[in-house]
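# Commentary on secondary and tertiary structure
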There are 2 protein chains.
Amino acid sequence: MVKLYDTTLRDGTQAEDISFSVEDKVRISRKLDDLGVHFIEGGWPGSNPRDIEFFKAMQSERLKNSVLVSFGATRRAGVKAKDDANIKALLASKSPAVTVFGKTWKLHVLKALRVSLDENLEMIFDSVSYLKKRVRVLYDAEHFFDGYKDDPEYAVQTLAAAEDAGAETIVLCDTNGGTLTFEISEIMKEVGRHLKAPVGIHAHNDSESAVANTLVAVKEGATMVQGTINGFGERCGNANLCSIIPALKLKMGIDCITDERLKKLRDTARFVYELANLPHFKHQPYVGDSAFAHKGGIHVSAVLKNPLTYEHVRPELVGNRQRVLVSDLSGRSNILFKAEEYGVDIESGSEVVKNVLNELKELEHRGFQYEGAEASFELLMNRALKKKERSFRLLGFRVIDEKRKEDEEAHAEAIIKLEVGGVVEHTAADGNGPVNALDAALRKALERFYPSIKEVKLLDFKVRVLAGVQGTAAKVRVLVESGDATDKWGTVGVSDNVIEASWQALVDALEYKLFKDRKKTGRKVK
Amino acid sequence: MVKLYDTTLRDGTQAEDISFSVEDKVRISRKLDDLGVHFIEGGWPGSNPRDIEFFKAMQSERLKNSVLVSFGATRRAGVKAKDDANIKALLASKSPAVTVFGKTWKLHVLKALRVSLDENLEMIFDSVSYLKKRVRVLYDAEHFFDGYKDDPEYAVQTLAAAEDAGAETIVLCDTNGGTLTFEISEIMKEVGRHLKAPVGIHAHNDSESAVANTLVAVKEGATMVQGTINGFGERCGNANLCSIIPALKLKMGIDCITDERLKKLRDTARFVYELANLPHFKHQPYVGDSAFAHKGGIHVSAVLKNPLTYEHVRPELVGNRQRVLVSDLSGRSNILFKAEEYGVDIESGSEVVKNVLNELKELEHRGFQYEGAEASFELLMNRALKKKERSFRLLGFRVIDEKRKEDEEAHAEAIIKLEVGGVVEHTAADGNGPVNALDAALRKALERFYPSIKEVKLLDFKVRVLAGVQGTAAKVRVLVESGDATDKWGTVGVSDNVIEASWQALVDALEYKLFKDRKKTGRKVK
């Protein structure tokens, strides 16, 4: 059994192009809990206000499988643990576990911290033992491998300080990501002789070896792996849990999450890409679109006869699928799987499944995609089932942005005309921007007919340019997140025109609200 | 000494999204020759006409450092080597060396080739020995590791057949990419006992371990590594030479290319991305933009004092550079670092630094951020230095998005009025969306005064809602990436209104083009 420790929300957000809102972080936590990772490192409450807010928000969340962890440094020099601002922030986060990181490498102790080697050991011991009386404590040995190569004896002393203070796991970090795989295995062998506590591994990808380094550490006895979804992280990223989990389970026969949960791996990877507003990496091992894609010829016929010939694992086991770049044979079962998930009643052999598949194929070809936009997908399924009536008919809209002087901000206004059951509404609204104005005008028009629309809030919208979908005319995909008092839901729109794409997503957002109210199941929507 | 064998032009082009013209392939060959790889596998002349054409084109090229190799299968069953079409195509390519691949795995011999195990051995022996009399011959043992795990004895027999026939190097291939690093090292140890010929390694990245697998194979005695630039290749790619070469040289102390040539690594990587028409992977080890990027605070001051603290190798050695990201944690040292980087002359104690810092703080408070928008930051610094004149004055713009029917896409139009040196231009343009229309109208208006604006392309734009920046009125940040024939630059805008924010970023993008042209230093801007 190996414990999975996810740090997408902490180390992952150190990546140059990744920034999650508090709400994003909460949604990712739920997804990680669902995947079944053992620990979710949520942030560093001592370092920024957003992380403090996140931990506050998490106090009302109930995780089923995962333990929430806050992250922070050892106490500063010359300060008691109980008086240290960072240690206080860790406890104030109210997370059931904390991870404290300390210095292993003399270079850092003497040059960066500027404290004596002994004082560093005391800082580690004090911090861990003070916290240990209050919460679960894990210890991250920063720069462990570099420190060990520099002075093995001192490096091991720092681990011993944490172990003696009661850290439940000692995590060896390759912070700069420079260690090669055979070095990891040699050093792990030696360290194993000195420690009784369980050992973890935290690898970075600067040598493009983070996954191999992690797996070899497990081979040498590590019982915890730290990593991130999709390998997000500072510089070249952290060890990629999406590659580590299947290797552990399918190749090394080591338990970590259930077979059922492993099937959610691809879905989880894509969800995190969406919230990070990044394109999915097509060639990503196990979960990428190309990971099990086969080109024509003998290769394909061989792989169809016996997938083992050209596939190192069965794609279904990680929620991916074989792609043969000729015709699409699968998909049916996906639809049925999704239908069940949303409580939509479709029979396996029905026309509806075929309709949904056809429409889906057409829409995906146009650049739609439904990770993070499950409400749009549910509407699509229900349209195919003819369960969903249109709530209104658009007669036209116009959105005007005007800037009259250099030092005056642009102003947005939307005019809309629509019809519900023969009654025409023609109205207008201002907005912070064109999408906001259009949103405001649409709601204003609809509220007369559907008062519950007032409850809907636009929580987030994300815009992505889809390169190369159609030659030079780049398409734009808009993801909108909406919520009311009880639920949150995502919708999607695609067009050459960001306003058109936003319109599609906004309409779906409001249609979904009305549809949901009609269902009145009150079930949580992801 | 390890020999580098590049297969970007053969295995690299198996990737789903990569396609090179003959001319592209010739240009990449020159670049690889310049980098100093020992072998360039140019293609599989037996499999497609483009590769035949490529080898023809290469007959008039003079490579200084590299040996050109053509690739193909062993002869078919029941055909003499001299009569086999594939073998003939190899010789017809006129390349001084060929690589023949054969089957190692019984599964493939019996199920895919459908020949007896003995016949397969003969096919290998015949093909290699026939070719060996005419050109240099290398042997690729396809599916070697899977084959070895299945039947080690037979797997070794296939290698022996190639060795006996005179193959100069025996390359062990992990064709499905499923082998883990510790398996590679165990199997390499055993195989070493049976072979006298030099051994090579050819790894795929399906387990995200291709680089580690390659390095561990070298550690166990392999003297040739096969891989591709940027790890391009089928499914999840091949072993990435851009990560392997620096690890060999800088970490393992193994010679392969000169120090001078190693400095061309980043340039080579970027060149190949460009010809593949793919975005450069920012987080790529060693050569990516983020590989040596540091965020603010203590971290930056530590890395500036001693790069070793947070950098596993010196970026200059691979032609990359340290980047200090300007973010809300910035201090004086970041500003000075940036100023130097952009060739802006600021003295450490000057008023300007204070001005830039103050303006930066104010702007960041409003939601600006300069990661990925270095051009906007450079303009900001130069404004503080009063070095940068405004190129035009806006008199006003209006953007109109209109949708007249439900089944008709929205249409965008922009009207703009501006003034340059007393001359007023009033014009209008359509666009795919409002930003595109505004961009088109702005360029159209400016081109009259500044013809070089025509060279600028809008490459990407990203929109992000900044939740919680200012209560309920969510701000929007727009990042625009622009480019011309020589450079790429990023600019940023922030506002409540996406059009206003886009406007700011677009204006900066064009101002930067004009500013850059004025500087005319020819220095590369990242």
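Just so it is clear, the structure is predicted and the values come from calculations on it, not from any experiment. (Residues numbered from 1 in each chain as written. Chains lettered and ligands numbered in written order. Predicted model: local features only at pLDDT ≥ 70, side-chain atom pairs only at ≥ 80, totals over all residues. Heavy atoms only, no water.)

Before going further, it helps to examine the overall build of chain A. A tally of helices and strands in chain A yields 18 helices and 16 strands. Put simply, of all contacts in chain A between residues at least 6 apart along the chain, 67% involve residues at least 24 apart. About 20,100 Å² of surface is accessible on chain A, with carbon and sulfur atoms providing 51% of the total. (Helix = DSSP H or I, 4+ residues; strand = E, 2+ residues; numbered from the N terminus. Contact = heavy atoms within 4.5 Å. Areas by Shrake-Rupley, 256 points an atom, 1.4 Å probe, with all protein chains shown as cover.)

Attention now moves to the interface of chain B and chain A. Listed as interface residues are 101 residues of chain B and, on the opposing side, 101 residues of chain A. Of the roughly 8,200 Å² buried at the junction of chain B and chain A (both faces included), carbon and sulfur atoms supply 51%. When residues of chain B are sorted by the area they lose upon contact with chain A, Glu 16, Glu 208 and Arg 235 of chain B head the list and together hold 9% of the total. There are five salt bridges connecting chain B and chain A. Across the pair Arg 323 of chain B and Glu 16 of chain A runs a salt bridge whose closest N-O atoms are separated by 2.8 Å. In this assembly, chain B and chain A are joined by 36 residue pairs in polar contact (both at pLDDT 80 or more). (Buried area = accessible area lost by both parts, 1.4 Å probe. Salt bridge = Lys/Arg side-chain N within 4 Å of Asp/Glu carboxyl O. Polar contact = N/O pair within 3.5 Å; in protein donor to acceptor, adjacent residues only side chain to side chain.)

Moving on, we get to unusual backbone geometry. Non-glycine residue Tyr 286 of chain A carries a positive phi angle of around 65°. One can find Tyr 286 of chain A in the loop between α12 (265–275) and β9 (293–294).

Residue and element names in this part refer to chain A. Residue-level pLDDT values for chain A average 88, and 90% of them are 70 or greater. In the predicted structure, residues 468–473 sits below a pLDDT of 50 and forms six contacts with residues beyond four places in sequence or in another chain. In this model, residues 522–526 is a region of pLDDT below 50 whose contacts with residues beyond four sequence positions or in other chains number 14 contacts. We note a pTM of 0.76 for the whole complex and an ipTM of 0.76 for its interfaces. (pLDDT = per-residue confidence, 0-100.)

All names here are of chain B. Most of strand β15 (residues 475–483) sits inside the fold, with seven of its nine residues counted as buried. Inspection of the sheet shows β15 paired to strand β16 (residues 488–495) by eight bridges, in the antiparallel sense. Residue Arg 477 lies in a different strand from β16, and its bridge partner there is Val 494. Taking the residues that link successive antiparallel strands as the turn, the β15-β16 hairpin has four residues. (Buried < 20%, exposed > 50% of the residue type's maximum accessible area, 1.4 Å probe, protein only. Pairing = 2+ DSSP bridges.)

Now for the sheet that holds strand β6 (residues 169–174) of chain B. Residue and element names in this part refer to chain B. Ordered by their spatial adjacency, eight strands build a closed barrel running β1-β2-β3-β4-β5-β6-β7-β8, and the pairing between neighbours is parallel. For this sheet the average axis-to-axis angle between neighbouring strands, irrespective of direction, equals 25°. As paired strands, strand β5 (residues 136–142) and β6 are joined by four bridges and run parallel to one another. Note that in β6 the partner of Ala 141 across the bridge is Leu 172. The strands touched by helix α1 (residues 22–35) are β1 (3–6) and β2 (39–43); relative to β2, the strand with the most contacts, the crossing angle is about 170°. (Axes fitted to C-alpha atoms, helices over the stretch in contact; angles between N-to-C directions.)

What follows concerns helix α9 (residues 210–219) of chain B. Residues and elements named next belong to chain B. With respect to burial, α9 is a largely interior element, nine of its ten residues being buried. When α9 is considered as a whole, its buried residues turn out to be Ala 210, Val 211, Ala 212, Asn 213, Thr 214, Leu 215, Val 216, Ala 217 and Val 218. Backbone geometry just downstream of α9 places Gly 221 in the positive-phi region, at approximately 115°.

What follows deals with the sheet that holds strand β12 (residues 411–420) of chain B. To summarise the sheet geometry, strands pair through backbone hydrogen bonds and adopt either a parallel or an antiparallel arrangement. If you walk across this open sheet you meet the six strands as β13(A)-β12(A)-β11(A)-β11(B)-β12(B)-β13(B), and the pairing is antiparallel. Strands at the two margins of the open sheet, each flanked by one partner only, are β13 (423–431) of chain A together with β13 (423–431) of chain B. Geometrically, the sheet is characterised by an average inter-axis angle of 10° between neighbouring strands, direction not taken into account. Strand direction decides the pairing type here: strand β11 (residues 393–403) of chain A and strand β12 (residues 411–420) of chain A, joined by nine bridges, are antiparallel. By the bridge assignment, Arg 393 of chain A is partnered in β12 of chain A with Glu 419 of chain A. Together, β11 and β12 of chain A together with β11 (393–403) of chain B form the strand contacts of helix α18 (residues 498–519) of chain A, whose direction differs from that of β11 of chain A by roughly 135°.

The biggest cluster of nonpolar side chains holds 95 residues, and the ones touching the most others in it are Leu 131, Phe 144, Ile 170, Leu 172, Ile 245 and Leu 248 of chain A. Judged by nonpolar contacts, the second largest core, of 89 residues, contains Val 26, Ala 162, Ile 184 and Ile 244 of chain B. (Core = buried A, V, L, I, M, F, W, Y, C linked by side-chain atoms within 4.5 Å.)

So, about the domain arrangement of chain A. Looking at chain A, the domain boundaries give domain 1 (3–257) and domain 2 (393–521). The straight-line distance from the C-alpha centre of domain 1 of chain A to that of domain 2 of chain A is 42 Å. (Domains from an automatic or database assignment.)

Residue and element names in this part refer to chain B. Within this structure, the stated rule accounts for zero disulfides over all chains. Distance from the sulfur of Cys 173, which forms no disulfide, to the nearest cysteine sulfur (Cys 236) is 17 Å. Cysteine Cys 242 shares no disulfide, and the gap to the nearest cysteine sulfur, in Cys 256, comes to 12 Å. On the basis of relative accessibility, which here comes to 0%, the residue Cys 242 falls in the buried class. (Disulfide = S-S within 2.5 Å.)

Residue and element names in this part refer to chain A. The interhelical angle for the contact between helix α4 (residues 106–113) and helix α5 (residues 117–132), taken along N-to-C directions, is 95°, at an axis separation of 10 Å. By the criterion of interaxial angle, the relationship of α4 to α5 is roughly perpendicular. The residues of α5 that touch α4, namely those facing Lys 106, Val 109, Leu 110 and Leu 113, are Leu 117, Asn 120 and Met 123. A breakdown of the residues in the contact of α4 with α5 according to their chemical character gives five nonpolar, one polar and one charged. (Parallel < 35°, antiparallel > 145°, perpendicular 65-115°, else oblique. Nonpolar A, V, L, I, M, F, W, Y, C, P; charged D, E, K, R; others polar.)

Turning our attention to the packing of aromatic side chains. Evaluated as defined, the whole model comprises 25 aromatic pairs over all chains. Of the aromatic side chains, those joined through ring pairs into one cluster are Trp 44, Phe 71 and Phe 101 of chain A. Taking NZ or CZ as reference, Lys 25 of chain B lies 5.2 Å from the ring centre of Phe 54 of chain B, over its face. (Phe/Tyr/Trp six-rings, centres within 6.5 Å; stacked < 30°, edge-to-face > 60°. Lys NZ or Arg CZ within 6 Å of the ring centre and 35° of its normal.)

Moving on to the pairing of strand β5 (residues 136–142) of chain A. Residues and elements named next belong to chain A. Of all the seven residues making up β5, six are buried; the element is thus mostly covered by neighbouring parts of the structure. Note: strand β4 (residues 97–103) against β5, seven bridges, orientation parallel. Paired with Gly 102 across the strands is Ala 141, a residue of β5.

Okay, the side chain of Asn 120 of chain A next. Locating Asn 120 of chain A in the fold gives a position in helix α5. Judged by its relative accessible area of 0%, Asn 120 of chain A falls in the buried class.

Turning to the environment of Lys 196 of chain B, a few remarks are in order. Mapped onto the fold, Lys 196 of chain B is located in the loop between α8 (181–192) and β7 (199–203). Distance from Lys 196 of chain B to Ala 160 of chain B, taken between C-alpha atoms, is 9.4 Å for residues 36 residues apart in sequence.

Our next topic: the pattern of salt bridges. Evaluation of the coordinates by the stated rule reveals 70 salt bridges over all chains. Between Arg 398 of chain B and Glu 402 of chain A there is a salt bridge whose closest N-O contact spans 3.2 Å. With Arg 398 of chain B in strand β11 and Glu 402 of chain A in strand β11, the pair connects residues from two separate chains. Salt-bridge contacts for Asp 439 of chain B lead to Arg 443 of chain B; the nearest nitrogen and oxygen are separated by 2.8 Å. Of the two residues, Asp 439 of chain B and Arg 443 of chain B both sit in helix α17 (residues 434–447), four residues apart, roughly one turn of that helix. Three or more residues are tied together by salt bridges with common partners; here these are Glu 455, Asp 484, Asp 487, Lys 513, Lys 516 and Asp 517 of chain A.

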